[in-house]
Amino acid sequence: MDQESSTTPYSPPRHPLPPPGACQVRCAGCHNILSVGQGVTEFVCPNCRLPQMLPPELLSLPLPLPTAPAHGIDPTKIQLPCANCKAILNVPHGLARFNCPQCNFVLSVDLSKISRPPPWQQFTPPPLPPPPEEVNEVAKEVELDENSGGVAGETFTDYRPPKLSIGPPHPDPVVETASLSAVQPPEPTYDLRIREDLESSKALSCLQIETIVYASQRHLQHLPDGTRAGFFVGDGAGVGKGRTIAGLILENWQHARRKTLWISVGSDLKFDARRDLDDVGAMFIEVHALNKLSYSKLDSKSVGVREGVIFLTYSSLIASSEKGRSRMQQLVQWCGPEYDGLIVFDECHKAKNLVPEAGSQPTRTGEAVLEIQAKLPDARVVYCSATGASEPRNMGYMIRLGLWGTGTSFLDFRDFLGSLEKGGVGALELVAMDMKARGMYLCRTLSYKGAEFDVVEVALEDNMMDMYKRAAQFWTKLRMELLSASAILTSEKPNSSQLWRLYWANHQRFFRHMCMSAKVPAVVRICSEAIAEGKCIVIGLQSTGEARTEEAVTKYGVDLDDFISGPRELLLKFVDENYPLPDKPESLSGDDGVKELQRKRHSATPGVSIRGRVKKAAKLQDESDVESDLESETDTDPDCVESDDEFQICEICSSETERKKLLQCSCCKQLMHPACLVPPVVDAVPADWSCHSCKEKTEEYLQNRRVYLAQLLEWYEKAAERKSQILEAIRSLDLPNNPLDDIIDQLGGPDKVAEITGRRRMLVRSSDGKGVTYQARNTKDVTMEMVNMHEKQLFMDGKKLIAIISEAGSAGVSLQADRRAVNQRRRVHLTLELPWSADRAIQQFGRTHRSNQASAPEYRLLFSNLGGERRFASIVAKRLESLGALTQGDRRAGPSLSAYNYDSAYGKRALVKLYKGILEQESLPVVPPGCSTEKPDTIHDFIEKGKAALVSVGIIRDGVVRESIVGDKEPVKLSGRIVDSDMHDVGRFLNRLLGVPPDVQNLCLKQTF
């Protein structure tokens, strides 16, 4: 060996003494004994070229920070050789029995001998004296915060793979929550086939390679029920999960597993999958879009797909042809019963509703995800999403994690879910930590260092304030109209609870649109300022208003005077379809009406005499006997030929008489003697003759019926006229346009704004500025399927500097300031409309903050100064806490909206205090805004305004006006009650608050929270 080398191979039989000051160690790779010179702490084995470092016991000096992390040695553990294969193992302190990860030999540790160093370490110099103890003030502060329930320490810590050092560093800073970082993953024992390729190409970072190693290692295990164990990639949006999946596909390809199912949320992402495979050097692996293939067998001659990646969406997974053949059957047939390849559930949060809340049904998507895992039990399953488990019940489809079922502490998922719900947020954090410790889960997040968050409060303009106030007053009047209209309905109508569910749902949706529209002027202003500063803008919203627009175009045509008002169309549809109208009566007139009533009223059969019944009984005898009897009677008396009903009973005198001598009423069907009638009937009667009693009853009934029908018709006409008046009043209301169309129009039209949404058509202002036209979003050169990809590329190329995204069109889309893109301007991400769920909020934020970006984005969360809009932030704030706890092991991990989380124990207490104060059951605990104890009239005025507001939105029920007994000098007072279920319901309070005039709702919110 060259003398300049710091290491020399060691031959055990000769036992040469180490050089003075040197020490001997066993290589973690080839197991040869190496002699390490004095002062050398990091070295490369000359035989296997494995970089490594000395264990802490052999370090004579404090260890400097390494420039590159060593492989194989964990300084936090004890290094001991295996008695069988002689490999140096990292053994945790206190572990007495374990299996060697290399040869699976059962080993035991004699803890009494651990304190004595092995023979080759007896020359180790004594350790340096410990440094003087320092008081950690930060730790003391953290401990105090934890005891008092405050925020404890730092939420995130910088992340680097603790046990692997393959691959270059990640291009952007990556962090992990402090609670997850306290948990170490298991020892990596999997040997990558593509390691050399990855090290030479540097296509994947050390984080992504770590995920591939642990996922492949996990896939070697089987659960107690016999199915193959799965892996959950929970990395945050933008970390690079697509490339990680591509690397995993390439690794399985090298093991001759040539078939892969890649399931995602949108067909557009097929192009991203192709790009990721090319980036890792897998250009030879073909990607087949399932929606472009027929329902025939995939490996048949007509289709010809025998290997490669089948890319499909969750919608395709539940699709079927007209002939009844399903995509599920097609995929299972292609894979085969012994399939052990990959199934990647990308953006797997799409299957979250497998176990819905009470009263709901599981989605077909969730059931299909469960079904394909059951049909392919040996498949290597990967769940991949930044928000795969936003709530505990959304983990129901992750059956391959082995958290419940056979061999676990939980009988089934519902048992697991019940335990988590009892444990609260703390239990969710423990689940995430346990999954990481067992090697089934990794979750890293891009650091938000450099990103800016700003909550912008937008004041309503005067015209919008007036518009909102008039709309709130109209909804109050509409509620009274519906109450009045419902009161006249008969009991045959269905229960009105459905009407009120629809009323409050549309009420909330209407004012959500109003809140969005109120922020449109601020959005236009911020966009203009950002572009002037050399930035570009991404605007996030959830609803595009396409359904309302299509309905309006169907009614009014494709050429309109102005953009459609979403709130107006929503209100028109609700009233038109749900206004309670009485049934329109059917009129009966003339003789036809009399005959119809006579036929409907009576169905009685005439009485049959004894002789008639005897004749009928004779029919039950043997047919031959009956015939012989009839023949004998005919022979003896020719006049005795009778029908069964020859003799009947008169209903008046009850005497038995021949049928032909009786009259039958066509109305009541009763038989009677002509002589028994008063007056007697002498002349012949028509076939539709009716008795005197029926004639009198029918005429009286018809007269009453006509009066009743006239009253019903009057009610119906009045209700229909009132409905028409309400619809006309809605049309005359001044309401804002659809926010999406309005923003695009004010920012320069479709030529300036890239729209990445799910709608297919849009309204565009005419070139002359007069009117708008409904047209398709795509052009002749771009298909509808590719329109979002085309718009995204125009934005990334800098040809359009403003992009508007919705959840439907932007799932998985990368819009960051990518170093590879032409448009590297800093992104300003505006949230015009917060999504309902925390996972959707995280997904939307992740569109502009991703790996390999030139600059971090600016996030601006827009809120109007309407108190009721805090409702939407409150929902997201509460769920973000749960999401961070479950997916990242720390409830503080999500974007902070904690200031808006009103639905807490303190919020519920504050609401009860407000209600009791307004009902004058207790005094208000604090002086209301704008009031003074020196002026009691101001407090009284606040109470009366609040009471009137709560009555108008149905929180105070059975509201009545108490008249003053003194006279007109005393004002009238409202009274009523609030049901117990509403007293603590913060969500309902915030929902209903939207329908109160802006000044009153802001006063109520400030007083409560």
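If you're wondering where the values come from, they're calculated on a predicted model, not measured in any experiment.

Caption draft 1: Geometry of the overall build of the protein chain. The number of helices and strands found in the protein chain is 29 helices and 34 strands. Across the 1009 residues of the protein chain, 47% fall into the buried class. For the protein chain, restricting intrachain contacts to residue pairs at least 6 apart in sequence, the fraction spanning at least 24 positions comes to 69%. Accessible surface, the protein chain: about 50800 Å² in total, of which carbon and sulfur atoms supply 51%.

Caption draft 2: Region of interest: the pairing of strand β7 (residues 88–91). Because side chains alternate across β7, one face comprises the buried residues Ile88 and Asn90, and the other comprises Leu89 and Val91, equally buried. Relative to β7, strand β6 (residues 78–81) runs antiparallel, the two being bridged by four bridges. Following the sheet pairing, Pro81 is matched in β7 by Ile88.

Caption draft 3: A look at helix α13 (residues 520–532). Taking 1.5 Å of rise per residue, the 13 residues of α13 would be expected to cover 18 Å, and the 19 Å separating its terminal C-alpha atoms lies within 8% of that figure. All of the buried residues along α13 are Val520, Ala522, Val523, Val524, Ile526, Cys527 and Ala530.

Caption draft 4: Region of the structure containing helix α10 (residues 413–437). Taking 1.5 Å per residue, 25 residues should reach 36 Å; α10 reaches only 21 Å between its end C-alpha atoms and comes up short. Along α10, the sharpest kink reaches roughly 125°, centred on Gly424. Along α10, the residues classified as buried are Phe413, Phe416, Leu417, Leu420, Ala427, Leu428, Glu429, Val431, Ala432, Met435 and Lys436. The N-cap residue of α10 is Asp412: its side-chain oxygen and the backbone nitrogen of Arg414 are 3.3 Å apart.

Caption draft 5: Quick peek at the packing of helix α5 (residues 241–254) against helix α6 (residues 269–279). Where α5 contacts α6, the axes come no closer than 8 Å and their chain directions differ by 60°. In this view, α5 runs oblique relative to α6, as classed from their interaxial angle. Here the hand of the crossing between α5 and α6 comes out right-handed. Residues Gly242, Arg243, Ala246 and Ile249 of α5 touch α6, and the partners they reach there are Asp276, Leu277 and Asp279. Residue classes in the contact of α5 with α6 are distributed as three nonpolar, one polar and three charged.

Quick notes on the rules
- Residues numbered from 1 in each chain as written.
- Predicted model: local features only at pLDDT ≥ 70, side-chain atom pairs only at ≥ 80, totals over all residues.
- Heavy atoms only, no water.
- Helix = DSSP H or I, 4+ residues; strand = E, 2+ residues; numbered from the N terminus.
- Buried < 20%, exposed > 50% of the residue type's maximum accessible area, 1.4 Å probe, protein only.
- Contact = heavy atoms within 4.5 Å.
- Areas by Shrake-Rupley, 256 points an atom, 1.4 Å probe, with all protein chains shown as cover.
- Pairing = 2+ DSSP bridges.
- Expected span 1.5 Å × (residues − 1).
- Bend = angle between axes of the 7 residues up to and from the residue.
- Polar contact = N/O pair within 3.5 Å; in protein donor to acceptor, adjacent residues only side chain to side chain.
- Axes fitted to C-alpha atoms, helices over the stretch in contact; angles between N-to-C directions.
- Parallel < 35°, antiparallel > 145°, perpendicular 65-115°, else oblique.
- Left-handed = near helix turned anticlockwise from the far one by under 90°.
- Nonpolar A, V, L, I, M, F, W, Y, C, P; charged D, E, K, R; others polar.

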